[in-house]
Amino acid sequence: MADSLYANAVIGDASLRNDPRGSEFAIALALAFYLAGCTLLVTTGPTLGALHAFAAFIVLTAVGALNQLLPVLTHAPNARAGSISALALAFAFGFSLLIAGFYGAPTFAPAAVVLATSAIVWVVWSLFRLARGESERRTRMLLAVALAAFLTAVGIGAGMAGQLAGFAEVSLALSIAPIHAMLAIGGFAGILVITISYRFVPMFAIAHAEKYGHWAPAWTAVLGVIVAAASLTGSTIGARLGLASVVVALITLGAQHLTTIASRLRARLDVSLQYGRVAWTFAAGAALTAFAATWITELFPSVIALALLGWLSITILGYAYKVVGFLTWQGAKARMPAARLPALGSAVDLPMAYGALALLTAGALATAAFMPFAPQIAQIGYDLYALGGMTAVVSIARLAALYLFASEEGRGTEIDHRATR
Amino acid sequence: MEPKSTIVRLDNRGLSPPEPMMRILGALETLDTDGVLIAQMDREPIFLFAELHDRGYRYTCDPDGSGGYVLEVTRQ
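Residues numbered from 1 in each chain as written. Chains lettered and ligands numbered in written order. Predicted model: local features only at pLDDT ≥ 70, side-chain atom pairs only at ≥ 80, totals over all residues. Heavy atoms only, no water.

**So, a nonpolar patch on the surface**
Point 1. Where nonpolar side chains cluster on the molecular surface, the patch consists of Trp295, Ile296 and Phe373 of chain A and spans about 350 Å² of accessible area.
Point 2. For Ile296 of chain A, a relative accessible area of 38% puts it in the partly exposed group. (Patch = residues over 30% accessible without salt bridge, like charges linked within 9 Å, V, L, I, M, F, W, Y side chains within 5 Å. Areas by Shrake-Rupley, 256 points an atom, 1.4 Å probe, with all protein chains shown as cover. Salt bridge = Lys/Arg side-chain N within 4 Å of Asp/Glu carboxyl O. Buried < 20%, exposed > 50% of the residue type's maximum accessible area, 1.4 Å probe, protein only.)

If you want it as structure tokens, here you go:
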């Protein structure tokens, strides 16, 4: 019984069965790395260790989210929960080794092996699933591009880790770091978030998908990332052209999302899209700052802050309210089909969620503003951001706990949707 | 003898989100005061419930016995 009800935990056709437990596990690990990133940011500053804790957050979220969304968006085959959980554990282990390496442990070499192996397995497996998909050709192509960028970024990263482990000159690692960052942040995480947002925004807003058929900005972003990544260490003109394309793409995408939201049928904008609106502003800000950084190189740390702490993390946290609520609600229904569960529409603690968003916004902005020019006061930004991040994770965990620990006679039955019969 | 209430039926099976929710909300715009909307769904539209509640509709949503759900909506 539980399995058949779990099988309904899809956003789409009931014939597209998927078990969400692997996704839940990957997302839980992702949030743990996000908390670790916030803690490291406060205690050690914006180190490469902290940066890669946030990278682990994004990668593990992608593992969980793609597992859940691939069958729905593309009619691709399902994956077993155990396989996804094992993959998530491998990534978590690899990132733990990598982060430990940045804090002095002799773990760069094993980190490179574990992360490269995990990445190859995940990307090849996901590409195979995408290739067997029956619909959403453009979604599948964009996801394939994002996965290819991820594999390339991990390959470069593994080489850099090998150099840091003493197998080659460290100066070589430093020289290719911008390409690694561009492919990881822009090519993988950026294109992934852009692609998923094409489907999530109309879904969450209840707005017509037809108005959403303009894919040119997404491909402009892809082209821009490729040109910028190829030019970052050689051609300033090429880097500027590529980044200009990314700026145009992200501003156009943000405008498309706002148009979709304006045409929504949902009466009130939900928490996920409130986070999304802030995140899209950060996306445009990050791209503009990257463009400016080709003249003022001191701005590169600000680009990372705006993109990683602002655009990507705030988007993912915002979507997590919807996705985590949905998955855990379905899990509770699977365990207790007759239970009167708290309604999802009123389950999020909105003051806490919006308080977290305000702190995240202020923290990311302060970090981006102070880090390059006034590092002595940048700690204010780290502290605000970490407080906001921790509040957001507590808010999401509270939402999950509402359903994970729900009982047949539990609290909240008075606001069950069936009470409106 | 009371006049029969209008029954609007929607088959939302096989549609991708957000089309099922949009079709339901669109149909409710033109539903008579005493009308009933019955929609066949692939899944339980859990994100629609708060929207229906906020708009003053009563509803039930039950399994149809073949893996899908039947949503029935009336005005409160």
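Past the structure itself, the notes keep going.
**As for the sheet that holds strand E4 (residues 69–75) of chain B**
Residues and elements named next belong to chain B.
Point 1. Taken in spatial order, the 4 strands line up as E1-E2-E4-E3 in an open sheet, and their pairing is mixed. The open sheet has two edge strands with one neighbour each: strand E1 (7–11) and strand E3 (57–63). Taking each pair of neighbouring strands and ignoring which way they run, the sheet shows an average axis angle of 15°.
Point 2. Of the strand pairs in this sheet, E3 and E4 are connected by 7 bridges, and their pairing is antiparallel. If you follow Cys61 over to E4, its bridge partner there is Leu71.
Point 3. Strands E1, strand E2 (36–41), E3 and E4 of the sheet are contacted by helix H1 (residues 19–29), whose axis makes an angle of about 170° with E2.
Point 4. Against the sheet, helix H2 (residues 46–54) engages E3 and E4, with an angle of about 155° to E3. (Pairing = 2+ DSSP bridges. Helix = DSSP H or I, 4+ residues; strand = E, 2+ residues; numbered from the N terminus. Axes fitted to C-alpha atoms, helices over the stretch in contact; angles between N-to-C directions. Contact = heavy atoms within 4.5 Å.)

**Details of the pattern of salt bridges**
Point 1. Per the counting criterion, the structure on display carries 7 salt bridges over all chains.
Point 2. For the salt bridge of Asp11 of chain B with Arg13 of chain B, the shortest nitrogen-to-oxygen distance reads 2.9 Å.
Point 3. We classify Asp11 of chain B as partly exposed; its relative accessible area is 37%.
Point 4. On the accessibility criterion, Arg13 of chain B (42% relative accessible area) is partly exposed.
Point 5. Overlapping salt bridges bring together Arg266 of chain A together with Glu29, Glu51 and Arg55 of chain B as one network.

**Quick look at the packing of aromatic side chains**
All names here are of chain A.
Point 1. Following the criterion strictly, the structure yields 18 aromatic pairs over all chains and no others.
Point 2. When the ring of Tyr34 is compared with that of Phe54, the centres are 5.5 Å apart and the planes differ by 65°; the resulting orientation is edge-to-face. Of this pair, Tyr34 sits in helix H2 (residues 21–44) while Phe54 sits in helix H3 (residues 48–74); the two residues are 20 residues apart in sequence, bridging distant segments of the chain.
Point 3. The exposure class assigned to Tyr34 is buried, which follows from its relative accessible area of 0%.
Point 4. The class for Phe54 is buried, based on a relative accessible area of 2%.
Point 5. Residues Tyr34 and Tyr385 carry aromatic rings whose centres are separated by 6.4 Å and whose planes lie at 65° to one another, so their mutual orientation is edge-to-face. Separated by 351 residues along the polypeptide, Tyr34 in helix H2 and Tyr385 in helix H13 (residues 379–404) bring together distant segments of the chain.
Point 6. In this structure Tyr385 comes out as buried when scored by relative accessible area, which is 0%.
Point 7. Grouped by ring-pair contacts, the aromatic residues Tyr34, Phe54, Phe57 and Tyr385 constitute a single cluster.
Point 8. Over the ring of Trp125 we find Arg129, and its NZ or CZ is 5.5 Å from the ring centre. (Phe/Tyr/Trp six-rings, centres within 6.5 Å; stacked < 30°, edge-to-face > 60°. Lys NZ or Arg CZ within 6 Å of the ring centre and 35° of its normal.)

**Some words on the side chain of Thr315 of chain A**
Residue and element names in this part refer to chain A.
Point 1. Take Thr315: it is sitting in helix H11 (residues 300–335).
Point 2. From its side chain, Thr315 meets the backbone oxygen of Trp311 in a polar contact 2.6 Å long.
Point 3. When sequence neighbours within four positions are dropped, the list of residues in contact with Thr315 reads Val193, Ala279 and Gly310. (Polar contact = N/O pair within 3.5 Å; in protein donor to acceptor, adjacent residues only side chain to side chain.)

**Considerations on the packing of helix H4 (residues 81–102) of chain A against helix H5 (residues 108–131) of chain A**
Packed helices, taken two at a time, are described by the angle their axes make and the gap between the axes.
Residue and element names in this part refer to chain A.
Point 1. At their nearest, the axes of H4 and H5 sit 8 Å apart, and the two run at 150° to each other. If you check the angle between H4 and H5, you find them roughly antiparallel. Here the hand of the crossing between H4 and H5 comes out left-handed. Each of Ser83, Ile84, Leu87, Ala90, Phe91, Phe93, Gly94, Phe95, Leu97, Leu98, Gly101 and Phe102 in H4 lies in contact with H5, whose residues at this interface are Phe108, Pro110, Ala111, Val114, Leu115, Ser118, Ala119, Val121, Trp122 and Trp125. (Parallel < 35°, antiparallel > 145°, perpendicular 65-115°, else oblique. Left-handed = near helix turned anticlockwise from the far one by under 90°.)

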